[in-house]
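Residue-level structural notes
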Amino acid sequence: MTNAERASLIKSVLSDMSIYEAIDLQLQRWAMAQHTEEMIVVTTTIYLTVVSAFLGAAYIGGAKLTKAQAVIGSAIFTAAALFNTQQVYAFFNEFDGQLRTIGEQYVQMAEVYEKPAWATYGISIQAGAAGDLHEYVLLGLFILGSLASLYFMWSIRHHEET
């Protein structure tokens with residue numbers, strides 16, 4: 001479905017709704033977006049837990065592990081860390097899509113209900129829906145944190161006494 005088709009569909013749906021119903025629908029969309037933000041926080045917490053557990057295991061027992069055990073542990077850690085990174089990336093994309101939809105809906109509501117201020121608000125929401133720097137910084141930190149953790153395991157296993 002193209003954007004023009006979606007816009008005409010939204011207009012036709014809005015023409016059958018009262019302002020109250022349209023605003024209620026927007027509030028439900030905002031609640032879904034907030035839930036997506038909460039999932040980003042939960043996934044970040046899980047990532048930090050996985051990293052902390054791996055670093056603790058590496059510090060306490062890394063030097064005593066056989067090569068096979070270290071490889072298996074590092075592989076499991078890498079899979080878990082990459083999975084969490086991918087989840088956060090997906091949640092960021094979902095959140096941005098939700099904001100674009102919310103903004104588009106406000107623009108359509110402004111036209112249908114003759115409320116020009118809503119169009120300005122919708123456009124500002126759509127502008128904020130683009131991938132922001134903080135999203136890329138967090139994803140970069142996930143990747144760098146994973147690499148640093150793997151390096152820490154390697155350094156513990158190859159520590160030379162001086």
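Residues numbered from 1 in each chain as written. Predicted model: local features only at pLDDT ≥ 70, side-chain atom pairs only at ≥ 80, totals over all residues. Heavy atoms only, no water.

1. Examining the overall build of the protein chain
- Along the backbone of the protein chain there are five helices and zero strands.
- Traced from its N-terminal end to its C-terminal end, the protein chain shows the element sequence α-α-α-α-α.
- Long-range pairs, those at least 24 residues apart, make up 82% of the contacts in the protein chain between residues at least 6 apart in sequence. (Helix = DSSP H or I, 4+ residues; strand = E, 2+ residues; numbered from the N terminus. Contact = heavy atoms within 4.5 Å.)

2. Describing the environment of Thr101
- Considering the arrangement of structural elements, one finds Thr101 in helix H3 (residues 67–113).
- C-alpha separation for the pair Thr101 and Ala129, spaced 28 residues apart in sequence, amounts to 9.3 Å.

3. Quick word on the side chain of Ser149
- If you trace the backbone, Ser149 turns up in helix H5 (residues 133–157).
- Those residues in contact with Ser149, other than ones at most four positions away along the chain, are Val51, Phe54, Leu55 and Phe77.

4. Comments concerning a nonpolar patch on the surface
- A surface patch of nonpolar side chains, about 230 Å² in accessible area, is lined by Ile19, Ile23 and Leu27.
- Within the fold, Ile23 resides in helix H2 (residues 19–61).
- Overall, Ile23 belongs to the partly exposed group, its relative accessible area being 33%. (Patch = residues over 30% accessible without salt bridge, like charges linked within 9 Å, V, L, I, M, F, W, Y side chains within 5 Å. Areas by Shrake-Rupley, 256 points an atom, 1.4 Å probe, with all protein chains shown as cover. Salt bridge = Lys/Arg side-chain N within 4 Å of Asp/Glu carboxyl O. Buried < 20%, exposed > 50% of the residue type's maximum accessible area, 1.4 Å probe, protein only.)

5. Focus on the packing of H3 against H5
- Interhelical geometry of H3 versus H5 gives an angle of 175° and a closest axis separation of 10 Å. Here H5 runs roughly antiparallel to H3, going by the angle between their axes. Facing H3, whose interface residues are Lys67, Ala70, Ser74, Phe77, Thr78, Ala81, Asn84, Thr85, Val88, Tyr89, Phe92 and Asp96, H5 presents Glu135, Leu138, Leu139, Phe142, Ile143, Ser146, Ser149, Leu150, Met153 and Arg157.
- When grouped by side-chain class, the residues that make up the contact of H3 with H5 number twelve nonpolar, six polar and four charged. (Axes fitted to C-alpha atoms, helices over the stretch in contact; angles between N-to-C directions. Parallel < 35°, antiparallel > 145°, perpendicular 65-115°, else oblique. Nonpolar A, V, L, I, M, F, W, Y, C, P; charged D, E, K, R; others polar.)

6. Observations concerning H3
- A rise of 1.5 Å per residue sets the reference length of H3, with its 47 residues, at 69 Å; its end C-alpha atoms lie 68 Å apart and thus fit the reference within 8%.
- Looking at the residues trailing H3, positive phi occurs at Glu114, about 55°. (Expected span 1.5 Å × (residues − 1).)

7. Quick word on the packing of H3 against helix H4 (residues 116–127)
- Where H3 contacts H4, the two axes come as close as 7 Å, and the packing angle between them is 165°. Here H4 runs roughly antiparallel to H3, going by the angle between their axes. The crossing of H3 and H4 is left-handed. Judged by residue contacts, Leu99, Arg100, Ile102, Gly103, Glu104, Tyr106, Val107, Met109, Ala110 and Tyr113 of H3 engage Trp118, Ala119, Tyr121, Gly122, Ile123, Ile125 and Gln126 from H4. (Left-handed = near helix turned anticlockwise from the far one by under 90°.)

8. What about the side chain of Thr44?
- Following the sequence through the fold, Thr44 ends up in helix H2.
- Classification of Thr44 as buried rests on a relative accessible area of 16%.
- There is a polar contact of 2.8 Å between the side chain of Thr44 and the backbone oxygen of Ile40. (Polar contact = N/O pair within 3.5 Å; in protein donor to acceptor, adjacent residues only side chain to side chain.)

9. Points about the environment of Thr43
- Along the polypeptide, Thr43 turns up in helix H2.
- For Thr43, a relative accessible area of 2% translates into the label buried.
- Taking C-alpha positions, Thr43 is 7.2 Å from Gln87, a pair spaced 44 residues apart along the chain.
- Beyond its immediate chain neighbours, meaning those up to four positions away, Thr43 contacts Asn84, Gln87, Val88 and Phe91.

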